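# What the coordinates show
Spelled out from the first residue to the last, the chains are:
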Amino acid sequence: PPKTYLFPPPPPSSFMERIQRISAHLAPKETIGAKEAKAKKHKIGILTAGGLAPCLSSAVGGLIERYTEIDPEIEIICYRYGYQGLLIGDSFKVNWEMRRRAHLLQNYGGSPIGNSRVKLKNVKDCVKRKLVKPGQSPQDVACNRLVNDGITILHTIGGDDTNTTAARLAAHLKKRGINLQVLGLPKTVDNDVYPVAQSLGADTAAHQGAMFFESIVNEATANPRMLIVHEVMGRHCGWLTVATAEAYRKRLSKADMLDEMGVTAMKRDVHAVFIPEMNIDIEAEGARLRAIMDEIGNVNIFISEGSAVDLIIKQKEAAGEKLPRDAFGHVKLDKVNAGQWIASQLKPLIGAQKILVQKSGYRARSSPANTFDRNLIKSCVTYAVEAAFRGESGLVGHDDKDGKLKALEFSRVKGGKPFDTGSREFRRMMFEIGQPVSRTW
């Protein structure tokens, strides 16, 4: 029997009207930011700068995807090689094919739009590299480029200097009555940016360094009494060195050993960790590690590239060696070679017959983002885009004070955050490997 209704709806007058009613009911709701995107016409700029980290490609792809989801017609400009591209006008427009295939960037490391180390405050260096003409202000040139390109929202993916530089550009433009929103994303394998709890790409770098050492540790069998030094990235902060050692030891704990043939966890373990936040007592460590060398026939050390760097630089310059510096005034750490220095200091003390120093930096920083970082990047990218449409500016990340994801004020952003040597996990690891440690900050 036909159904009856107390108040039956009027039948549609036509088939097309029925389709329109169904379509209206099933149409997806507007996403956050869609209304704002329609209300004001924005033009997006994206640049990556500084050293590489396993987040750049993923973050660029994520920004393109998210903006396209909200407004497929919004214009996106990418500046090649960071601030260099901004100064010389080297950029490209993201076309529809790039938008359609932006998800593929999740599979790659590096930066699809290129990085460079350019400090806008260093006028002499910018002139020398022909990025600006003599007499020009790099900051004015960069600001004029943004104005001429019509950029209203700038996304900078980099460390503290990359993002605070963009904030200064926005402040400079504001004095001219021009509004530029800056939404930065924190990129550094050192995880040393205030006040960000976890920077993008750092977790990937740690696990890549751990996998790197899984191969290098086999060199302990190449020679009797072998000293292997694994040099890890980290100028002022030891976070990556500690995280790499912890990740490696966790992987080692799950491996099957063959003790009867000398394939033991003890021979493959980390025997010492040296980071910038700790003073190195060479004599005491030499005596401790000598006992390990005598017992198992090899010693494995993890060291940050910035460990004891002031002492090493002082020794080298006292000997008349002139160390090159980058655009930021930092001594180039590949010329300092903390790993080689610690190996040469410890070799006679522990009776090593041969030393091997290996650096995992290039593998760690250029790898594609792992699952942990992809999820972190996605959450930060999503927040950054929606915050941009809300009119906010800041460095997007989890606040290390309350753990909340937000656009952090640029006035709070700075580098050089030290690793906490008082953390429970770190002290547990150091106790397990038998290395004394005292809190130094």
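About the thresholds
- Residues numbered from 1 in each chain as written.
- Predicted model: local features only at pLDDT ≥ 70, side-chain atom pairs only at ≥ 80, totals over all residues.
- Heavy atoms only, no water.
- Helix = DSSP H or I, 4+ residues; strand = E, 2+ residues; numbered from the N terminus.
- Buried < 20%, exposed > 50% of the residue type's maximum accessible area, 1.4 Å probe, protein only.
- Contact = heavy atoms within 4.5 Å.
- Areas by Shrake-Rupley, 256 points an atom, 1.4 Å probe, with all protein chains shown as cover.
- 1 Å grid on protein atoms, 1.4 Å probe; cavity = no way out; pocket = protein on both sides within 12 Å on 5 of 7 lines; lining within 4 Å.
- Points joined across faces, edges and corners; volume = space filled by probe spheres on them.
- pLDDT = per-residue confidence, 0-100.
- Phe/Tyr/Trp six-rings, centres within 6.5 Å; stacked < 30°, edge-to-face > 60°.
- Lys NZ or Arg CZ within 6 Å of the ring centre and 35° of its normal.
- Pairing = 2+ DSSP bridges.
- Axes fitted to C-alpha atoms, helices over the stretch in contact; angles between N-to-C directions.
- Patch = residues over 30% accessible without salt bridge, like charges linked within 9 Å, V, L, I, M, F, W, Y side chains within 5 Å.
- Salt bridge = Lys/Arg side-chain N within 4 Å of Asp/Glu carboxyl O.
- Expected span 1.5 Å × (residues − 1).
- Core = buried A, V, L, I, M, F, W, Y, C linked by side-chain atoms within 4.5 Å.

## So, the overall build of the chain
Counting secondary structure elements, the chain contains 17 helices and 11 strands. Scored against the burial criterion, the 441 residues of the chain give a buried share of 50%. Intrachain contacts of the chain at a sequence separation of at least 6 include 76% that bridge at least 24 residues. Summed over its atoms, the accessible surface of the chain is roughly 21,700 Å², and 53% of this surface lies on carbon and sulfur atoms.

## Considering the layout of surface pockets
Here the largest pocket defines a volume of roughly 1,200 Å³. When contributions to the lining of the largest pocket are tallied by element, the ones reaching two or more residues are helix H8 (160–175), strand E6 (226–232) and helix H15 (361–366).

## Observations regarding the side chain of Gln 198
Positionally, Gln 198 belongs in the loop between strand E5 (181–186) and helix H9 (202–216). Residue classification places Gln 198 among the buried residues on the basis of a relative accessible area of 19%. Not counting residues up to four positions away in its chain, the partners in contact with Gln 198 are Asn 191, Asp 203, Trp 239, Phe 372 and Leu 376.

## What about the confidence of the model for the chain?
Confidence along the chain averages 91 in pLDDT terms, with 90% of residues attaining 70 or more. Here residues 3–8 is modelled with pLDDT under 50, and outside its nearest four sequence neighbours on either side it reaches 0 contacts, counting other chains as well. Here residues 21–29 is a poorly scored stretch, pLDDT under 50, and it has 2 contacts once near neighbours within four places are set aside; other chains count.

## Describing the packing of aromatic side chains
On inspection of all chains with the given rule, the structure shows 5 aromatic pairs. Look at Tyr 248 and Phe 302: their rings are 6.1 Å apart centre to centre, the planes differ by 40°, and that puts the pair in the tilted class. Of this pair, Tyr 248 sits in helix H10 (residues 239–253) while Phe 302 is found in strand E8 (residues 298–304), placing the two residues 54 residues apart along the sequence. Note on accessibility: Tyr 248 and Phe 302 belong to one class, buried. Taking 5.2 Å as the distance between ring centres and 85° as the angle between the ring planes, the aromatic pair formed by Phe 419 and Phe 426 counts as edge-to-face. Judged by its relative accessible area of 9%, Phe 419 is buried. The exposure class assigned to Phe 426 is buried, which follows from its relative accessible area of 0%. We note Arg 390 situated over the ring of Tyr 383; from NZ or CZ to the ring centre the distance is 5.2 Å. Lying over the aromatic face of Tyr 194, Lys 414 brings its terminal NZ or CZ to 5.2 Å of the ring centre.

## Comments concerning unusual backbone geometry
The omega angle of the peptide bond from Tyr 194 to Pro 195 is -10°, so this bond is cis rather than trans. For Pro 195, the location among the structural elements is in the loop between E5 and H9. Even without glycine at this site, Ala 308 takes up a positive phi of about 55°. Considering the arrangement of structural elements, one finds Ala 308 in the loop between E8 and helix H13 (309–318).

## A look at the sheet that holds strand E11 (residues 405–408)
Strand order in the open sheet formed by 7 strands is E3-E2-E1-E4-E5-E10-E11, and the pairing between neighbours is mixed. Lying at the two open borders of the sheet, with one neighbouring strand each, are strand E3 (91–93) and E11. For this sheet, the mean angle separating the axes of adjacent strands, direction not counted, is 25°. Across the face of the sheet, helix H3 (residues 56–70) comes into contact with strand E1 (43–48), strand E2 (75–79), strand E4 (153–158) and E5 while running at roughly 160° to E4. Each of E1, E4, E5 and strand E10 (394–398) touches H8; the most contacted strand, E4, lies at about 160° to it.

## Points about a nonpolar patch on the surface
There is a patch of nonpolar side chains on the surface, built from Leu 258, Met 261 and Val 263 and spanning about 280 Å² of accessible area. Checked against the element boundaries, Met 261 lands in the loop between H10 and helix H11 (265–268).

## Here's the deal with the environment of Tyr 248
We classify Tyr 248 as buried; its relative accessible area is 2%. For Tyr 248, the residues in contact, after removing those within four places along its chain, are Ala 210, Phe 213, Glu 214, Val 217, Arg 268, Val 270 and Phe 302.

## Quick word on H9
Under the 1.5 Å per step criterion, the end-to-end length of H9 is 21 Å for 15 residues, consistent within 8% with the ideal 21 Å. Where burial is concerned, most of H9 is hidden: 11 out of the 15 residues are buried.

## With respect to the nonpolar core
Core analysis: the largest hydrophobic core is formed by 69 residues, its most contacted members being Ile 46, Tyr 67, Leu 185 and Val 273. Filtering out sequence-adjacent residues up to four positions away, Tyr 67 remains in contact with Ile 44, Pro 72, Ile 74, Ile 76, Ile 153, His 155, Val 385, Ala 388 and Phe 389. Counting residues in each nonpolar core, the second largest holds 31 residues, with Val 118, Leu 173, Leu 180 and Leu 408 among its members.

## Some points on the pairing of E11
In this structure, E10 lies alongside E11, joined through 4 bridges in antiparallel fashion. Bridge pairing in E11 places Leu 395 opposite Leu 408. Taking the residues between adjacent antiparallel strands as the criterion, E10 and E11 are bridged by 6 residues, where Gly 403 takes a positive phi near 80°.

## Things to note about the environment of Gly 89
Along the chain, the position of Gly 89 falls in the loop between helix H4 (83–88) and E3. In sequence terms Gly 89 and Tyr 79 are 10 residues apart; their C-alpha atoms lie 7.7 Å from each other.

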